[in-house]
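# Observations on chain architecture
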Amino acid sequence: MKNTIRVERAILNITQADLAEKVKVSRQTINAIESNKYVPSTVLSLKISRVFQKNLEDIFILEDTD
Amino acid sequence: MLTKFLLPNRLKAVGWIIAIPAFILMILNLQFGFTFPFLDYEVKGLKNISFDNGFLFNIQYNNFTDEFGGVLLIIGLLLITFSKEKDEDEMISKLRLESLLWAVFINSVLIILSIILFYSELFLKIMAYNICTTLILFIIRFNLTIYFERKKINKDNL
């Protein structure tokens with residue numbers, strides 16, 4: 001699974017720490033999601049997409065290998 | 001999606017305070033036969049000594065240093081193991097689960113090797129250590145993982 005969190009963050013101009021605080025997780029978690037090392041739970045994905053005010057599938061994209 | 005059975009973060013420090021002295025006590029006890037005299041227990045007016053009564057209410061003589069240290073050590077290690085991190089979240093829960101899986105797996109491999117390689121008293125001693133090795137392996141692995149995750153963050157932000 002890919003995601004566009006880094007791009008979306010750049011658009012809103014917020015840091016990983018800011019995003020982490022908004023969705024109430026640690027900075028490590030946001031960092032790991034951005035570098036595709038951790039797949040977030042559905043609840044966390046929905047929270048993240050709400051911060052960016054986009055649909056879930058605009059931010060998280062399934063890959064062929066999934 | 002947080003685990004329900006975790007203890008508050010401050011109990012982690014309490015765990016370390018209990019576990020470290022208990023660990024040293026157990027090493028001294030197992031390796032050098034160290035005991036506290038005030039934990040000696042002996043039934044008064046013993047006529048014959050029997051060795052086959054292993055249950056608490058039947059024992060005729062025992063020093064309770066190892067029981068005392070062992071219970072404290074396990075309580076301390078449990079507090080460290082099952083206290084929340086300051087920033088506990090779903091990824092840390094996942095790392096926790098992975099570390100626990102890893103610890104049980106490695107510990108089982110070590111037990112299998114000890115069963116094959118070691119015999120008699122040495123084996124019994126290893127089994128005594130084995131009482132707490134799963135928890136110790138877990139604590140080492142979990143804390144290292146978390147440490148590297150945090151270090152990576154600090155590097156990224158520089």
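Attention here is on the structure that accompanies the text. (Residues numbered from 1 in each chain as written. Chains lettered and ligands numbered in written order. Predicted model: local features only at pLDDT ≥ 70, side-chain atom pairs only at ≥ 80, totals over all residues.)

## Digging into the packing of helix α1 (residues 10-32) of chain B against helix α2 (residues 65-81) of chain B
All names here are of chain B. Keep this limit in mind: To get an axis, fit a line to the C-alpha atoms, keeping to the stretch in contact for a helix; angles then go from 0 to 180 degrees between the N-to-C directions. Only DSSP runs of H or I covering at least 4 residues are called helices, and only runs of E covering at least 2 are called strands; the numbering of each starts at the N terminus. Helix crossings are classified by the rotation of the near helix relative to the far one: an anticlockwise turn of less than a right angle makes the crossing left-handed, while a clockwise turn makes it right-handed. Contacts are defined on C-beta atoms placed from the backbone: any two residues whose C-beta positions lie within 7 Å are in contact.
Running from N to C, α1 and α2 cross one another at 145 degrees; their axes reach a closest spacing of 7 Å. The crossing of α1 and α2 is left-handed. Packed against α1, whose contacting residues are Leu11, Lys12, Val14, Gly15, Trp16, Ile18, Ala19, Ala22, Phe23, Leu25, Met26 and Asn29, the element α2 presents Thr65, Asp66, Gly69, Gly70, Leu72, Leu73, Ile75, Gly76, Leu77, Leu79 and Ile80 at the interface.

## As for the nonpolar core
Let me state the cut-off plainly: Take the buried Ala, Val, Leu, Ile, Met, Phe, Trp, Tyr and Cys residues, join any whose C-beta atoms are within 7 Å, and the set you get is a nonpolar core. Every C-beta atom is placed from the backbone, and the number of other C-beta atoms within 10 Å of a residue's own sets its class: buried at 20 or more, exposed at 12 or fewer, partly exposed in between.
One finds B:Ala19, B:Ala22, B:Leu25, B:Met26, B:Leu73, B:Leu77, B:Ile80, B:Ala103, B:Cys132, B:Leu135, B:Phe138 and B:Phe142 forming the largest nonpolar core, which totals 12 residues. Only α1, α2 and α4 (120-157) of chain B provide two or more residues apiece to this core. Beyond its immediate chain neighbours, meaning those up to four positions away, B:Phe138 contacts B:Thr81, B:Ser99, B:Leu100 and B:Ala103. Among the nonpolar cores identified, the runner-up in size contains 11 residues, and A:Leu19, A:Ala32, A:Ile33 and B:Ile92 belong to it.

## A short note on helix α4 (residues 42-51) of chain A
For the record, the criterion: Along the arc lie the directions from the helix axis toward the C-beta atoms.
All of the buried residues in α4(A) are A:Leu44, A:Ile48 and A:Ser49. The buried residues of α4(A) occupy an angular sector of 135 degrees when projected down its axis, which confines them to one face. Seen from the open side of α4(A), the exposed residues pointing more than 90 degrees away from its buried face are A:Thr42, A:Val43 and A:Arg50. For α4(A), the secondary structure elements touched by its buried residues are α1 (5-12) and α5 (56-59) of chain A together with α3 (90-117) of chain B.

## Here we look at the environment of B:Tyr61
By secondary structure assignment, the location of B:Tyr61 is in strand β2 (residues 61-63). Contact partners of B:Tyr61, with chain neighbours within four places excluded, come to B:Tyr41 and B:Glu42.

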